[in-house]
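# Coordinate analysis (summary)
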Amino acid sequence: MSDFQHQHASHCESGVMSAIVRHYGLPLSEPMAFGLASALSFAWLPFVKLGGLPLVAYRMPPRAIIRGLQKPLGLRMRTETFRDPARGEARLQELLDAGRVVGLQTSVFWLPYFPQDMRFHFNAHNVLAYGRDADSGDYLLSDPVFEEPMRCAPADLARARFARGVLAPKGLLYYPDGQPAEPDWNKVIPAAIRKTVRVMLRTPVPIVGTRAIERVARAVERLPAAGDTRQSLLFVGHLVRMQEEIGTGGGGFRFMYASFLEEAATLASRPALAEQAARLVEIGDGWREFALAAARMIRGRDAFEPAALAALLRRQAADERAFFGALEKALA
Amino acid sequence: MDIENVPQEGNATLGGHRKAMYARGADGRLAPVAYAGWEVEEIVTRQAVEELDRLAADALTRVRAGSASPLEYHMYRARMDDTLLAQTTGLWRWRVRRHLRPEVFRRLSPTLLARYAAALGLGVDQLTTVPPQA
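Parameters and conventions
- Residues numbered from 1 in each chain as written.
- Chains lettered and ligands numbered in written order.
- Predicted model: local features only at pLDDT ≥ 70, side-chain atom pairs only at ≥ 80, totals over all residues.
- Heavy atoms only, no water.
- Helix = DSSP H or I, 4+ residues; strand = E, 2+ residues; numbered from the N terminus.
- Rg over C-alpha atoms; globule rule 2.2 N^0.38 Å.
- Buried < 20%, exposed > 50% of the residue type's maximum accessible area, 1.4 Å probe, protein only.
- Contact = heavy atoms within 4.5 Å.
- Areas by Shrake-Rupley, 256 points an atom, 1.4 Å probe, with all protein chains shown as cover.
- Axes fitted to C-alpha atoms, helices over the stretch in contact; angles between N-to-C directions.
- Parallel < 35°, antiparallel > 145°, perpendicular 65-115°, else oblique.
- Left-handed = near helix turned anticlockwise from the far one by under 90°.
- Domains from an automatic or database assignment.
- Pairing = 2+ DSSP bridges.
- Polar contact = N/O pair within 3.5 Å; in protein donor to acceptor, adjacent residues only side chain to side chain.
- Buried area = accessible area lost by both parts, 1.4 Å probe.
- Salt bridge = Lys/Arg side-chain N within 4 Å of Asp/Glu carboxyl O.
- Nonpolar A, V, L, I, M, F, W, Y, C, P; charged D, E, K, R; others polar.
- Disulfide = S-S within 2.5 Å.

This paragraph deals with the overall build of chain B. A tally of helices and strands in chain B yields seven helices and two strands. Along the chain direction, N to C, the helices and strands of chain B fall in the order β-β-α-α-α-α-α-α-α. Whereas a compact globule of 134 residues would reach a radius of gyration of roughly 14 Å, chain B reaches 21 Å, over 25% beyond that. If one aligns the C-alpha atoms of chain B with their principal axes, the spans along those axes are about 70 × 35 × 25 Å. Counting every position in chain B, which comprises 134 residues, the buried fraction comes to 50%. Taking the contacts inside chain B whose residues are at least 6 apart along the sequence as the reference set, 47% of them involve residues at least 24 apart. With an accessible surface of roughly 6,600 Å², chain B has 52% of that area assigned to carbon and sulfur atoms.

Residues and elements named next belong to chain A. Two elements in contact, helix 7 (residues 185–202) and helix 10 (residues 252–267), have axes separated by 10 Å at closest approach and are oriented at 150°. Classified by the angle their axes make, helix 7 and helix 10 are roughly antiparallel. The handedness of the crossing between helix 7 and helix 10 comes out as left-handed. Of the residues in helix 10, those touching helix 7 at Trp 185, Ile 189, Ile 193, Thr 196 and Met 200 are Arg 254, Tyr 257, Phe 260, Leu 261, Ala 264 and Leu 267.

Here we come to the domain arrangement of chain B. Size of an interface, as often reported, equals the accessible area lost when the parts are brought together. Each assigned domain of chain B is listed here: domain 1 (3–37) and domain 2 (46–127). A straight line from the C-alpha centre of domain 1 of chain B to that of domain 2 of chain B covers 39 Å.

Next up on the list: the sheet that holds strand 8 (residues 173–177) of chain A. All names here are of chain A. An order of 3-8-4-5-6-7 is seen for the six strands of this open sheet, with the pairing classed as antiparallel. Because the sheet does not close on itself, it has two edges, and the strands there are strand 3 (76–80) and strand 7 (150–152). Within this sheet the neighbouring strands show an average axis-to-axis angle of 35°, counted without direction. Bridge analysis of strand 5 (residues 125–132) against strand 6 (residues 139–142) gives four bridges, and the strand direction is antiparallel. Residue pairing across strands places Arg 132 opposite Tyr 139, the latter belonging to strand 6. Taken strand by strand, helix 1 (residues 12–23) contacts strand 3, strand 4 (102–106), strand 5 and strand 8, and its axis lies near 35° from that of strand 5.

Next up on the list: the environment of Ser 69 of chain B. Residues and elements named next belong to chain B. Within the secondary structure layout, Ser 69 lies in the loop between helix 1 (39–64) and helix 2 (70–77). Spatially, the C-alpha atom of Ser 69 lies 8.4 Å from that of Ala 59, the residues being ten residues apart in sequence. With residues up to four places along the chain from it excluded, the contact list for Ser 69 reads Val 63, His 99, Leu 100, Arg 101, Pro 102 and Phe 105.

Now for the environment of Gly 300 of chain A. Its location among the elements puts Gly 300 of chain A in the loop between helix 11 (272–298) and helix 12 (306–331). Counting along the chain gives 176 residues from Gly 300 of chain A to Ala 124 of chain A, while the straight-line C-alpha distance between them is 32 Å.

All names here are of chain A. For Thr 203, the position within the fold is in the loop between helix 7 and helix 8 (210–221). Among the polar contacts listed, one links the side chain of Thr 203 to the backbone oxygen of Val 199, at a separation of 2.5 Å. Not counting residues within four places of it along the chain, the set of residues in contact with Thr 203 comprises Arg 198, Val 208 and Arg 211.

Across the boundary between the two partners, chain B contributes 44 residues, which contact 53 residues of chain A. Here chain B meets chain A over a buried area of about 4,100 Å², counting both sides, of which 56% is carbon and sulfur. Of all residues in chain B, Met 1, Tyr 22 and Arg 79 of chain B bury the most surface against chain A, accounting for 17% of the area lost on that side. Put simply, Asp 117 of chain A and Arg 46 of chain B hold a salt bridge, and the shortest N to O gap is 2.9 Å. Secondary-structure elements contributing two or more residues to the side of chain B that touches chain A are strand 1 (19–24), strand 2 (30–35), helix 1, helix 3 (82–89) and helix 6 (110–120) of chain B. Looking at the side of chain B that touches chain A, its residues break down into 22 nonpolar, eleven polar and eleven charged.

Attention now moves to the state of the cysteines. By definition, a disulfide links two cysteine residues through a covalent bond between their sulfur atoms. All names here are of chain A. Applying the stated criterion to the full structure yields zero disulfides over all chains. Free of any disulfide, Cys 12 has its nearest cysteine sulfur in Cys 152, 15 Å distant. The exposure class assigned to Cys 12 is buried, which follows from its relative accessible area of 6%.

This brings us to the pairing of strand 6 of chain A. Residue and element names in this part refer to chain A. Here strand 6 shows a buried face lined by Tyr 139 and Leu 141 and a second buried face lined by Leu 140 and Ser 142. Counting the residues that bridge the hairpin from strand 5 to strand 6 gives six residues, and of these Gly 137 lies at a positive phi of roughly 80°. Bridge count between strand 6 and strand 7: three bridges; the pairing is antiparallel. Among the inter-strand pairings, Leu 141 is bridged to a residue of strand 7, identified as Met 150.

Next up, the structure:
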């Protein structure tokens, strides 16, 4: 427990998984965990509503990184969920007593150390428990999106682990079974990249990948620009919030994947990947431009022009399509 | 994004915390940088929070006028809507909606009140009252 090292990360699940893998002996950066698990994506699920707004995600669904790292690293992850909160708590205690670090899925709303304005009912936040304070009984948590380790009282943690609703964690805890092995980078890196290319360019359903970005563009274009625009602006703000808050700062996931490509270029001795990283950074900057344009309209600094925002999204779709095509060629 | 362009303007909604972002450093390589926030982020987070605050304030006015139950006010205060409250309590949504009516809410059984109170993280006495007029 005492030898656990907290590390600040940009996304919770990749942060937790890279911390776990590192703790169990294989140095693995956060971008490497993200890229190897093929976690970059884009999804638009208008029929799933969060607070009345359609789900939009700039990455693969929760648990994709936990699952996705198993094969490349030859690592078996054990996952357990519980119907009864008391049993879930007892099991966590048991694992901590055995000296393990344990990944937990939680609801942001019930974690008291989150700033008030950030506490929404988002149920797929990942943290790592690495011990317990003997005096207060507080759990010692490594929440990767915070700079420093955190603490949480048992009652609050139980509530966060057993929150209900969309993506309910059901007390999910996870830990590795055995040790991760250093993989053959020349094999696992191209395989992981190919999977991401496939998801972005060739998913059969148009709600995943670059086509989904175009769909969002269409949805934005249809928003009423005149009259009461409150609802329209909430929708636009929601698109940005999903990149910002749950999405690590504007083009965050794009920047992180670019960092993965840069590292992958060295590990797999494929310099062409580093050139692609530079392109992806520009795409990330494009997402930030969209976020900035949207925020200015929300604040009323610019007039609300759905067509202008839709045009920015279409450009992102086109850029990402060209990028993933080029990335595939760079692997050949 | 280059490291010198990483916004450090601060973001009140982060409560003094910093987030990590990957940016290009002086050596030309991407690495995580702690950043204090971006105004854009603050704008969209505040927008969402203010919308929920507005819904809670509207509900409070209606509770005082006798046309909504305290449950509606507390639901929005807990940043929920009827769908989420239904999922959290395990009740049908039509039932939750019905309980937003004051005359129905007044007749709720202690069991149901306890269920709502637990879902919202409140005591039953808090659930059945609203803050006094300022």
